[in-house]
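# Summary of the model geometry
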Amino acid sequence: MSRYPAIRLRRTRVAPWSRRLHAETVLTPADLIWPLFITAGGEEEPIASLPGVSRWPVSGIVARAKEAAALGIPCVALFPNTPADKRSDEGEEALNPDNLMCQAIRALKDAVPEIGVLTDVALDPYTSHGHDGLVDAAGYVRNDATADVLVQQALNQAAAGADIIAPSDMMDGRIGLIREALEEEGHVNVQIMAYAAKYASGFYGPFRDAVGSRGRLKGDKKTYQMDPANAEEALREVALDLDEGADSVMVKPGLPYLDIIARVKAAFEVPVFAYQVSGEYAMIEAAVAAGAAERDALVLETLLAFKRAGCSGVLSYHAPHAARLMGA
Ligand code: PBG
């Protein structure tokens, strides 16, 4: 009897109440992490390639976090735009306990303690060459030496009050080293969200404008970030990061890699997050500006797609807009 007309899949779609009742996936503000850019300047700085997104002074970061909390967004992610005179070949400013990142973490923990603070571990906002690590004479990003610095960077952020350390650098072995150091220093409840499957992507351009690394970057990041051709390798990356102590894993970029998200979730049954990255945000905004699509529909549909694929949550520049659309 499993046949038309007995079976009509349109029956359950007939009215909004029924569609709501049968929805397999639900999106709520609690699924969102809002990435924020910090400036050392005193004013809001709009980012041309990310229309609608600005860098904020620490006081503005606090205001955004209060906004997020009021909208039911549980967590913000911080990225600094380090002043040019504080960038260097080895990115030492990353270890300064009073750098922009640490100032913002402390201000948030003080003023908005109910919100989670996720911090980026990688050297690109601090290096004069825009790479995520230490570069040798041939231009190669050195793995082990970089990992040692990332451990110090993570400890610096944890000491300032970071709740989730999120290494975005793709060095081998860094999750285990960071976990070990956090345990030794007593930061037993500081989480690690590993950028486990991070691809060498063309979708990061506006982010590099936002943190000021775009014009500086020499070459590309293909010797450390993953080849977009690979999926099995993503599963190995995730397996290693989990084995080394990651509490959750991230896939990045987002929409072009939904297959990776679904495979990771099926294989490991752990919390998986996606980063709907700057180029994806810019693409949606460009489509809206061109009159090709409705922003609200694209925002909700793309975020729901991440949930359907298996994500526990999504980092998105559209987070506050999405939360408002959800009626927060
Ligand atoms: C670098 C980093 C990047 C992003 C987050 N951390 C860019 C890169 O790898 O060059 C991209 C995020 C986005 O595009 O929104 N550590």
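Residues numbered from 1 in each chain as written. Predicted model: local features only at pLDDT ≥ 70, side-chain atom pairs only at ≥ 80, totals over all residues. Heavy atoms only, no water.

A few words now on the state of the cysteines. All told, the structure shown has zero disulfides when counted by the stated rule. There is no disulfide at Cys75, and the cysteine sulfur nearest it, in Cys311, is 15 Å away. Overall, Cys75 belongs to the buried group, its relative accessible area being 6%. The thiol of Cys102 is not disulfide-bonded; the next cysteine sulfur, from Cys75, is found 16 Å away. Here Cys102 falls in the buried class, since its relative accessible area comes to 1%. (Disulfide = S-S within 2.5 Å. Buried < 20%, exposed > 50% of the residue type's maximum accessible area, 1.4 Å probe, protein only.)

Moving on to the packing of aromatic side chains. Inspection of the entire model under this criterion finds nine aromatic pairs. Considering the side-chain rings of Tyr275 and Tyr317, the 6.1 Å spacing of their centres and the 45° angle between planes classify their relative orientation as tilted. Of this pair, Tyr275 sits in strand β9 (residues 272–276) while Tyr317 is found in the loop between β10 (313–316) and α11 (319–325), placing the two residues 42 residues apart along the sequence. The exposure class of Tyr275 is buried, given its relative accessible area of 1%. Members of the aromatic cluster, joined through ring pairs, are Phe37, Phe79, Tyr195, Phe207, Tyr275, Tyr281 and Tyr317. Above the plane of the ring of Tyr204 lies Lys198, whose end atom (NZ or CZ) is 5.5 Å from the centre. (Phe/Tyr/Trp six-rings, centres within 6.5 Å; stacked < 30°, edge-to-face > 60°. Helix = DSSP H or I, 4+ residues; strand = E, 2+ residues; numbered from the N terminus. Lys NZ or Arg CZ within 6 Å of the ring centre and 35° of its normal.)

Another aspect to go through is the nonpolar core. Counting 77 residues, the largest nonpolar core has Leu78, Leu108 and Ile260 as the members making the most contacts within it. With sequence-adjacent residues up to four places away left out, Ile260 is seen in contact with Ala197, Tyr199, Asn230, Ala231, Ala234 and Val251. With 24 residues, the next largest nonpolar core counts Leu118, Ile164, Met193 and Met250 among its residues. (Core = buried A, V, L, I, M, F, W, Y, C linked by side-chain atoms within 4.5 Å. Contact = heavy atoms within 4.5 Å.)

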